[in-house]
Amino acid sequence: MNPHASMIITLSLIMGPLITISSNHWILAWTGLEISTLAITPLIAKQHHHGAIEAAIKYFLTQATASTLILFSSIINAWTLDQWDITQMSNNTSCAILTTALAIKLGLAPFHFWLPEVLQGTSTTTALILTTWQKLAPLSLLVMTTQSLNTPLLLLLGLMSTLVGGWGGLNQSQLRKIMAFSSIAHLGWMITIITFSPKLMLLTFYMYITMTTAMFLMIKLLETNKISMMMTSWTKLPTLNTTMILILMSLAGLPPLTGFMPKWLILQELTKQHMFIIATMMALLSLLSLFFYLRISYCATITLPPNSTNYLQQWRHKTNQKPYLAPMATLSITLLPITPTLLTLL
């Protein structure tokens, strides 16, 4: 890619979500979302093959539809209340349209169909950006409008996303698709708690970014795209392979790892709100996600699952160690003991 074009895309990618987060006017927030969408689309299509082009078109059309709905929602609200303030959303129709639009932006169920396909068609680095940085702007809009949103609708979206995120990943063999369904499931947990405790939602989002970033960096370093390729990952970096298994268990939410912290606190908050049935359902649905994390771990522990296809042996080779991978992996595993400190910082 041309260096000047690369610089413009990178700056736009950084500035888009920041404009949305710092804005108080709907038009400015919408502008930031559009800048972010237009910046990431060339990165998705950068590989110049049919899968990448198809993923870029799917992403652009989906995000353009969501942006149109956001603009439509803000216009209805401005027509009713004669103001464009983001925090002043009192029109029920506007709130319902806005919730739908942001659910499409985030890839929440039942608007999740674009996310696994787009992640599968692009590179690992772009998939990392799509599942972390690109979620920042829509979630910030949800936090700013959380007092006006419909709580039962958000709970329904959260439960559906947790179910689809776990169920959809069960039969997948592509790692990027599995991470897409993992993202959907984690977003379901965030949306479930957002109206009760926005600060807890932000803590969950920070933990999600940490664990997902570490996992994608390891996938890129090991140069693996399928679960079947994980069975020879131990020949490259045995220590990294062991760390990756711990991060997978952290993503699944097993104690005493970092990923247990947000799930534990969310279940505690739902129990305080006397939503025992929803808390029980969320805990049970998380077992679906645990299954496909265990599948990846199984293939990474020097074991060969039954298969009828011959795979080429990947011999050990010198890899370029990334200095930021070690701290990200450490944070993804060891933050549970300092949970009280993190809660006081919010």
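Residues numbered from 1 in each chain as written. Predicted model: local features only at pLDDT ≥ 70, side-chain atom pairs only at ≥ 80, totals over all residues. Heavy atoms only, no water.

**Some thoughts on the overall build of the protein chain**
Where we set the bar: Counting from the N terminus, the helices are the DSSP runs of H or I reaching at least four residues and the strands are the DSSP runs of E reaching at least two. Burial here depends on accessible area, computed with a 1.4 Å probe over protein chains only, as a share of the maximum for the residue type. Under 20% is buried, over 50% is exposed, and the range in between is partly exposed. Residue contacts follow a heavy-atom distance rule, with two residues in contact if any of their heavy atoms lie within 4.5 Å. Note that accessible areas follow from Shrake-Rupley with a 1.4 Å probe, and for residues the cover is restricted to the protein chains shown. This count recognises Lys and Arg as positive and Asp and Glu as negative, with His and chain-terminal groups excluded. Here the site of a charge means NZ on Lys, CZ on Arg, CG on Asp, or CD on Glu.
The helix and strand inventory of the protein chain stands at 15 helices and zero strands. The proportion of buried residues among the 346 residues of the protein chain is 54%. Of the contacts formed within the protein chain by residues at least 6 apart in sequence, a portion of 77% connects residues at least 24 apart. Surface exposure of the protein chain reaches about 15,600 Å², of which carbon and sulfur atoms provide 68%. Seen as two clouds, the 16 positive and the 7 negative side-chain charges of the protein chain have centres 17 Å apart.

**Quick look at the domain arrangement of the protein chain**
For clarity, the cut-off: By convention here, the domain bounds are inherited from an automatic or database domain assignment. As used here, buried area is the combined drop in accessible area, with a 1.4 Å probe, of two parts when they are placed together. The term salt bridge refers to a pairing of a side-chain nitrogen on Lys or Arg with a carboxyl oxygen on Asp or Glu at a separation within 4 Å. Polar contact is the term for a pair of N or O atoms within 3.5 Å; when the atoms are in protein, one must be able to donate a hydrogen and the other to accept it, and sequence-neighboring residues count only if both atoms are side-chain atoms.
According to the domain assignment, the protein chain contains domain 1 (1-123) and domain 2 (150-345). Listed by partner, the interface residues are 16 residues for domain 1 and 17 residues for domain 2. Both faces combined, the contact of domain 1 with domain 2 buries some 1,500 Å², and carbon together with sulfur accounts for 74% of it. Ranking the residues of domain 1 by area buried against domain 2 places L108, A109 and Q120 at the top, with a combined share of 36%. On inspection of domain 1 and its partner domain 2, the count reaches one salt bridge. We note a salt bridge from K177 to E117, for which the minimum N-O separation is 3.5 Å. Along the contact surface separating domain 1 from domain 2 lie five residue pairs in polar contact (both at pLDDT 80 or more).

**Structural notes on the nonpolar core**
How we decide: Put simply, buried Ala, Val, Leu, Ile, Met, Phe, Trp, Tyr and Cys residues joined by side-chain atoms within 4.5 Å make one nonpolar core.
I40, I44, L139, L142, M215, M261 and L270 are the most contacted members of the largest nonpolar core, which totals 101 residues. For this core, the element with the most residues is helix α10 (residues 198-222), which contributes 15 residues. Domain assignment of the residues forming this core places at least three in each of domain 1 (1-123) and domain 2 (150-345).

**Some remarks on the packing of helix α2 (residues 26-44) against helix α6 (residues 124-131)**
Going by this rule: Every angle, taken between N-to-C directions, lies between 0 and 180 degrees, and every axis is a line fitted to C-alpha atoms, over only the stretch in contact when it is a helix. Here the word oblique covers every angle except those under 35 degrees (roughly parallel), over 145 (roughly antiparallel) and from 65 to 115 (roughly perpendicular). Note on convention: near helix rotated counterclockwise from far helix by under a right angle means a left-handed crossing. Clockwise means right-handed. Under the scheme applied here, ten amino acids are nonpolar (Ala, Val, Leu, Ile, Met, Phe, Trp, Tyr, Cys and Pro), four are charged (Asp, Glu, Lys and Arg), and all others, including Gly, are polar.
At a closest axis distance of 10 Å, the pairing of α2 and α6 adopts a crossing angle of 155°. When the axis of α2 is compared with that of α6, the two are roughly antiparallel. Here α2 and α6 pass one another in a crossing that is left-handed. Contact residues: I40, L43 and I44 in α2; T126, I129 and L130 in α6. Split by residue class, the contact of α2 with α6 holds five nonpolar, one polar and no charged.

**Examining α6**
Of all eight residues that make up α6, seven are buried, and the element is covered over most of its length. Of all the positions in α6, only T124, T126, A127, L128, I129, L130 and T131 are classed as buried. Contacts from the buried residues of α6 go to α1 (3-22), α2, α3 (50-81), α5 (114-121), α9 (175-193) and α10.

**Let's talk about a nonpolar patch on the surface**
The condition is simple: Patch criteria: residues need more than 30% relative accessible area and no salt bridge. Like-charged residues are merged within 9 Å; nonpolar side chains of Val, Leu, Ile, Met, Phe, Trp and Tyr are merged within 5 Å.
A cluster of nonpolar residues, L38, I53, I57, F60 and L61, forms a patch on the protein surface that exposes about 460 Å² of accessible area. Per-element accounting of the nonpolar patch gives the leading share, four residues, to α3. Relative to the elements of secondary structure, I57 occurs in helix α3.

**Focus on the environment of L325**
Residue placement: L325 occurs in helix α14 (residues 325-334). You can call L325 buried: its relative accessible area is 5%. It is 9.6 Å that separates the C-alpha atoms of L325 and L221, two residues lying 104 residues apart in sequence. The residues contacting L325, other than those within four sequence positions of it, are A214, L217, M218, L221 and L240.

**Side note on the packing of α2 against helix α7 (residues 136-144)**
Packing of α2 against α7 leaves a shortest axis separation of 10 Å and a crossing angle of 155°. Taken as axis vectors, α2 and α7 run roughly antiparallel relative to one another. Between α2 and α7 lies a crossing whose hand is left-handed. Residue-level inspection shows W26, A29 and L33 of α2 in contact with α7, the latter providing A137, P138 and L141. Partitioning the contact of α2 with α7 into residue classes produces six nonpolar, no polar and no charged.

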